[in-house]
Structures are given as C-alpha cells and as structure tokens.
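Chain by chain, the residues run as shown.
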Amino acid sequence: MLIHFVMDDKNLHIGGIPMSEFFASRKGIILAGGVIGILAPLLQYLGNPPNMGICVACMERDIAGAIGLHRADVVQYIRPEIIGFVLGAFLSSLIFREHKPRGGSAPLIRFFLGIFAMIGALVFLGCPWRALLRLSGGDGNAILGILGLTTGITIGVILLKNGYNLGRSYTQKTFSGWIFPALMLGLLLMLVYRVEFSAGGPIFFSVKGPGAMHAPLWMSTAAGILIGIIAQRSRFCTMGAIRDVVLIRDYHLISGVGALLIAAFGLNLILGQFHPGFEGQPIAHTNHVWNFSGMVLSGLAFVLAGGCPGRQLFLAGEGDMDAGIFALGMIIGAGIAHNFALASSPKGVAAFGPAAVITGLIFCLIIGLTMREKSIT
Amino acid sequence: MSTKRIDARGLSCPQPVVLANRAIEEGHNSFEVIVDNEVSRENIFRLAKKRSLNVHFHEEGSDIVISIAR
C-alpha cells in the first residue's frame, strides 16, 4: 500500500485524507497495526526476546522484576518500550489537544482487574500483542491463547449487554494527568543511569534469560514513542478489535490487528524468525487447557476494564487515571504471579497458576454481574 | 415530545456505543447522545454510519452532542 503525503495550505493530507481524520479512518488503523507489526520483529532482531519483540504484559513483568517486586532473576529489566508507549501517547495527546485528566470510575476494581489480567497473561505467557506475534513467528500454542482471548471477550460482551458498567469518571485537575507520565520518566532515568540502591540491587538487571535480551536502549525508546503516538491517534486496541466484531459487527479495529499479524508474519519470514510448530517454542509452553484458560481470564478482565494492556497505557498517557490504576495493577500482579508460583515457564504451568485463574474468573464474573447501572439516560 | 437524550459523559469505552446501540435496537427514530471526548464521538459516528443512519454533531461547551436519526 502506497501512502501519499501531501501538504496543502492548511493540513497535512495522508493518502488524500486530512491528517486530523486520517487516523480515525480504516487506512489509519491499518497503518497503526502495520507499524507495530514491523517494529516488533525488528526489535526482536535487534535483541529483544524471541516472539517478544513487544509484549506489554511481559515487559511490565520485567519492570516489576527490575524494581524488586519479584525475584525471578531471568525476567528483570526496565523495558523502555513501555515508557515510550506512555510518553508517546502523552506527547500526542498534548499536541492534538486530547490530553484530558480524568478518573474516579471504580479505581479499586480496576486495580484488581489489572492484577488478574496479568495473572491470566502470565499463565499463557503473553498479552494479546504477544499472542499475535507468537502466531506470526509460527508458535501454534498462540492459537489456543487467541481462542481463549476471544472466548473471554465474548463473555465480557454478554455482561456488557446485560448492563455491566463501572460508572462515570470525572474531570480531574490538570496535574493529575502528568503523574503517570512522570513515573515513566523516572523509570527511564533509573534505566539510563542504572541506579543501584543497595549492593546487588534493586535496580535488578537480568544477566541471563529473556530479561537479559534487549534491543539498544534508544531504539527501544524511539520505537515505543512512535507506537505511542500512532496508537493514541488511531485508538489501536486488540481487545476492542475482537469486542467490536462480537458486539456490533464492526471491523474497523480488527483490520489493524490483521495488519499487525500480516506485517509481522512477512517480516519474520524475511528475518528468518518464522519457526512453525508447537513444541520447543521460545518462552512458551504446550499446555493447551491453561494456554486457553489463562487468556479467557485476561480477555474478560480487559473487557471489564475497557482496553487491552497496550490501550490502557496509551489512555494513561492521555491522562486517564483509571487506566493508570489498571496498569499499576498489572505491574503488581506480575509481582504476585512470580512470588506465589502462578506464572508459567517454558517447563509448563506453575503449581498455583490454575487455582489463580479460576479465582480470577470468579472475581470477574462477580464484578460483571453485580456492577450494573440499569438506567443511564 | 422531547428528543431522547443519552448522557454518556465520563463513561469509558465501549459504554457510549453500547447505549447508542441499545437505543437503535429499541427502535428510537431519533435521539441524541452527549459525550465528552473525541474517541466516543468517532465510535458513535462509526456505529451510526454502519447502521445507515443520519448522524451529525455540535459542541456544547466542552461536551459533544451527537444527533442520530433514521
């Protein structure tokens, strides 16, 4: 697809559409998905872990490890991609006058939805983005994850149709919207200067395993910021993509997901990163039941919270404090998942993973059935 | 009879769309949805166009009022 950039006296036109409308168009969302689908395999090529060029859940988990919230020494690194997502969305929302501090819609519930979303993702070993990237790298186990994700989202849609609603958020003071981006900036500084708070850490940096694999810092940061800007403009969301198909048969967002998958598949072929099969896939296990069930939990939690992990970061950058709380829930959830033997490893599902997934599903169903607002008119 | 007006301000995605969709399915011939952000406006416009309904909007202060009619 060739896209023409033309500047007239007022607006930048992309492919014949004014830029202000471009990213809301079908072409815009396809461009967003395509850019993510190209940058992720490239980041892997430049050093990120296999089939994990970008994984919001895994990368937040690595951040949790780096600051000592868990001590799984193979997955500890302050991932600058996450920082870039938030800062890119923050900058974009400021430039396009969409930065809007808001919050107050059931924060504690969103915090726990974040915890359980992360637990489900770490039983499967990936967020929806990584599920797509794993598939594009030939990992057949991702199919179970994507089926689980779709199932969880479908359950969520049924709850939505029955009146599930966490209530309104309200406009907050200007500075509120700067807290989450400031936190990310702080993490970036700690990464750049490799601060050691006590002998041996924190900050912890893996010397082996996936946590020790990373693309050069500035490339990861730049890629993260670029994705943050494009995703903020286009509203890219993997959960929303499947939800909109199930809920209103709308194929707008999912065309972006399709673009991601196709772009990543093509680039993986070119870079020699496509290895089809189920056994021996990188940072993955072959337990179909729990690959599926883990993502059912995550998908359901994403619907109830209103966005996939990536989208929550972009919203947090825009000033959405409820999305920020969800993202913090995910980081804490990663600490819990590794400290309490819930997170899977390439060897398989951990001792308490299944029990945690069932607990999470019960929690989400109770929330989905009880948090209802019958008459909003 | 006054036009049905759905207040979807402060509701997170996809609530504004769910509420608008419900109004369409209930057979309302014309109604308004009031939202407070551009994302919700884009989403409701997409829904209305998909259902081949007439849709336009105007701003009231910091709110966006979307009118939908058959």
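Coordinates for the structure precede this section.
Note that the coordinates shown come from a computational prediction; the quantities given were computed from them, not determined experimentally.

Caption draft 1: The arrangement of the overall build of chain A in detail. Summing up its helical and strand segments, chain A has 15 helices and five strands in all. Taken over C-alpha atoms, the radius of gyration comes to 19 Å for chain A, in line with the 21 Å a tight globule of 377 residues would show. Reported as C-alpha extents along the three principal axes, the dimensions of chain A are approximately 60 × 50 × 45 Å. The buried share of chain A, reckoned over its 377 residues, is 58%. Sequence-distant contacts in chain A: of pairs separated by 6 or more residues, those separated by 24 or more amount to 81%.

Caption draft 2: Summary view of the overall build of chain B. Helix and strand counts for chain B come out as two helices and four strands. Against the 2.2 N^0.38 benchmark of 11 Å for 70 residues, chain B shows a C-alpha radius of gyration of 11 Å, consistent with a compact globule. C-alpha atoms of chain B, sized along the principal axes, occupy 30 × 25 × 15 Å. Buried positions account for 37% of the 70 residues belonging to chain B. Pairs at least 24 residues apart make up 61% of the contacts formed inside chain B by residues separated by at least 6 positions.

Caption draft 3: Broad picture of the environment of A:Ile95. Assignment of secondary structure puts A:Ile95 in helix H4 (residues 80–95). Spatially, the C-alpha atom of A:Ile95 lies 25 Å from that of A:Ile54, the residues being 41 residues apart in sequence.

Caption draft 4: Focus on the sheet that holds strand S1 (residues 4–7) of chain B. Residues and elements named next belong to chain B. Spatially, S1-S2-S4-S3 is the arrangement adopted by the four strands of the open sheet, whose pairing is mixed. Lying at the two open borders of the sheet, with one neighbouring strand each, are S1 and strand S3 (54–60). Ignoring which end each strand starts from, the neighbouring axes of this sheet average 20° apart. Here S1 pairs with strand S2 (residues 30–35) via four bridges, running parallel. Paired with Asp 7 across the bridge in S2 is Ile 34.

Caption draft 5: Expanded view of the packing of helix H12 (residues 288–305) of chain A against helix H15 (residues 353–370) of chain A. Residue and element names in this part refer to chain A. Interaxial distance between H12 and H15 falls to 10 Å at its minimum, and their mutual angle equals 30°. Classified by the interaxial angle, the pair formed by H12 and H15 is roughly parallel. Between H12 and H15 the crossing geometry is left-handed. Contacts between H12 and H15 involve Trp 290, Ser 293, Gly 294, Val 296, Leu 297, Leu 300, Ala 301 and Leu 304 from the former and Gly 353, Pro 354, Val 357, Gly 360, Leu 361, Cys 364, Ile 367 and Gly 368 from the latter.

Caption draft 6: Inspection of unusual backbone geometry at higher detail. Look at the link from A:Gly201 to A:Pro202: it is a cis peptide, with omega at 10°. Looking at the secondary structure, you find A:Pro202 in the loop between helix H8 (176–193) and helix H9 (217–234). With phi around 55°, A:Asn51 is a residue other than glycine that occupies positive phi space. With respect to the helices, strands and loops of the structure, A:Asn51 is situated in the loop between helix H2 (26–45) and helix H3 (56–66). Residue class for A:Asn51 comes out buried when judged on the 30 C-beta atoms lying within 10 Å of it. In this model, B:Ser52 sits at a positive phi of 55°, which is unusual for a non-glycine residue. By secondary structure assignment, the location of B:Ser52 is in the loop between helix H2 (38–50) and S3.

Caption draft 7: Quick look at the pairing of strand S4 (residues 63–69) of chain B. Residue and element names in this part refer to chain B. Covered by surrounding structure in S4 are Ile 64, Ile 66 and Ile 68 only, the residues Asp 63, Val 65, Ser 67 and Ala 69 on the alternate face being uncovered. As paired elements, S2 and S4 share six bridges and run antiparallel to each other. From the neighbouring strand, Phe 31 faces S4, where its bridge partner is Ile 68. Where S3 meets S4, seven bridges bridge the pair, whose relative direction is antiparallel.

Caption draft 8: Region of the structure containing helix H10 (residues 238–248) of chain A. All names here are of chain A. Counting buried positions along H10 yields nine of 11 residues, so the element is predominantly enclosed. Of the positions making up H10, those classed as buried are Thr 238, Met 239, Gly 240, Ala 241, Ile 242, Arg 243, Asp 244, Leu 247 and Ile 248. Arg 249 occupies a position one or two residues after H10 and carries a positive phi of about 55°.

Caption draft 9: Fine view of the nonpolar core. Residues and elements named next belong to chain A. Of all hydrophobic cores here, the largest spans 138 residues; its most connected members are Val 86, Met 118, Ile 119, Leu 122 and Ala 301. Per-element accounting of this core gives the leading share, 12 residues, to helix H5 (residues 107–124). Once residues within four sequence positions are removed from consideration, Ile 119 is found in contact with Gly 333, Ala 337, Leu 342, Ala 356, Val 357 and Gly 360.

Cut-offs used in this document
Residues numbered from 1 in each chain as written. Chains lettered and ligands numbered in written order. Predicted model: local features only at pLDDT ≥ 70, side-chain atom pairs only at ≥ 80, totals over all residues. Helix = DSSP H or I, 4+ residues; strand = E, 2+ residues; numbered from the N terminus. Rg over C-alpha atoms; globule rule 2.2 N^0.38 Å. Buried ≥ 20, exposed ≤ 12 C-beta atoms within 10 Å, placed from the backbone. Contact = placed C-beta atoms within 7 Å. Pairing = 2+ DSSP bridges. Axes fitted to C-alpha atoms, helices over the stretch in contact; angles between N-to-C directions. Parallel < 35°, antiparallel > 145°, perpendicular 65-115°, else oblique. Left-handed = near helix turned anticlockwise from the far one by under 90°. Core = buried A, V, L, I, M, F, W, Y, C linked by C-beta atoms within 7 Å.

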